[in-house]
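Here's the letter readout for the chains.
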Amino acid sequence: MEGINLYSTLYYQKSVFKGSYRGMNFHIQKGGGEDNPVLTATAWKGPYILEKTTEEIVTRDFAFSEEGIASADEWLMEQQKILCL
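These lines cover the structure that appears in this document, whether it is placed above or below.

1. A closer look at the nonpolar core
Moving on, step 1. Judged by nonpolar contacts, the single largest core of 20 residues is most densely connected at Tyr-12, Phe-26, Ile-28, Leu-39 and Ala-43.
Moving on, step 2. It is helix α2 (residues 66–83) that provides the largest number of residues to this core, a total of 6 residues.

2. Some words on the environment of Lys-18
Moving on, step 1. Tracing the sequence through the fold places Lys-18 in strand β1 (residues 17–21).
Moving on, step 2. Spatially, the C-alpha atom of Lys-18 lies 9.9 Å from that of Ile-49, the residues being 31 residues apart in sequence.
Moving on, step 3. Apart from the residues lying within four places of it in its own chain, the contact partners of Lys-18 are Phe-26 and His-27.

3. Re the sheet that holds strand β4 (residues 57–63)
Moving on, step 1. Taken in spatial order, the 4 strands of this open sheet run β1-β2-β3-β4, and their pairing is antiparallel. Every other strand in the sheet has two partners, leaving β1 and β4 as the edge strands with one partner each. Strand-to-strand, the axes of this sheet are offset by a mean angle of 25 degrees, without reference to chain direction.
Moving on, step 2. Sheet topology note: the strand β3 (residues 37–45)/β4 ladder contains 7 bridges and is antiparallel. Along β4, the bridge assignment pairs Thr-40 with Asp-61.

4. A few points about the pattern of salt bridges
Moving on, step 1. Under the criterion given, the structure shown has 1 salt bridge.
Moving on, step 2. In this structure, Lys-30 engages Glu-34 in a salt bridge whose closest nitrogen and oxygen atoms are separated by 3.5 Å.
Moving on, step 3. By relative accessible area, Lys-30 is classed as partly exposed at 21%.

5. Notes on the pairing of β1
Moving on, step 1. As paired strands, β1 and strand β2 (residues 24–32) are joined by 5 bridges and run antiparallel to one another. In the strand pairing of β2, Lys-18 is matched with His-27.
Moving on, step 2. Linking β1 to β2, which pair antiparallel, is a turn of 2 residues; within it Arg-22 sits at a positive phi near 45 degrees.

6. Examining the packing of aromatic side chains
Moving on, step 1. Enumeration over the complete set of coordinates arrives at 6 aromatic pairs.
Moving on, step 2. Between Tyr-7 and Phe-17, the ring centres sit 5.1 Å apart and the planes meet at 80 degrees, which makes this aromatic pair edge-to-face. Taken together, the residues span a long stretch of sequence, with Tyr-7 in the segment before α1 (9–12) and Phe-17 in strand β1 at a distance of 10 residues.
Moving on, step 3. With centroids separated by 6.4 Å and ring planes inclined at 90 degrees, the aromatic side chains of Tyr-11 and Phe-17 adopt a geometry described as edge-to-face.
Moving on, step 4. Residue Tyr-11 is classed as partly exposed on the basis of its relative accessible area of 29%.
Moving on, step 5. Judged by its relative accessible area of 13%, Phe-17 falls in the buried class.
Moving on, step 6. Every member of this aromatic cluster is reached through a ring pair, and the members are Tyr-7, Tyr-11, Tyr-12, Phe-17 and Phe-26.
Moving on, step 7. Directly above the ring of Phe-64 sits Lys-30, whose terminal nitrogen or CZ lies 5.6 Å from the centroid.

About the criteria used
Residues numbered from 1 in each chain as written. Predicted model: local features only at pLDDT ≥ 70, side-chain atom pairs only at ≥ 80, totals over all residues. Heavy atoms only, no water. Core = buried A, V, L, I, M, F, W, Y, C linked by side-chain atoms within 4.5 Å. Buried < 20%, exposed > 50% of the residue type's maximum accessible area, 1.4 Å probe, protein only. Helix = DSSP H or I, 4+ residues; strand = E, 2+ residues; numbered from the N terminus. Contact = heavy atoms within 4.5 Å. Pairing = 2+ DSSP bridges. Axes fitted to C-alpha atoms, helices over the stretch in contact; angles between N-to-C directions. Salt bridge = Lys/Arg side-chain N within 4 Å of Asp/Glu carboxyl O. Phe/Tyr/Trp six-rings, centres within 6.5 Å; stacked < 30°, edge-to-face > 60°. Lys NZ or Arg CZ within 6 Å of the ring centre and 35° of its normal.

Structure representation (structure tokens):
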């Protein structure tokens, strides 16, 4: 992803990645249960944090794998274009 470096699945086992990119705020975290983990990506137009924003919030789940991270990467780039026109 141009401007954002997503981490491997090892990072998301214990941590939430929060950031912003060209006017879009986002976070990525492990979701689902232990038997069926997913990578959950959430995005919204900045500048406010998730708990304070009145902007539309979009969320999507991806496979908890390196392929899922690549898909989340593509999805976030698409959302940045949609949310921050």
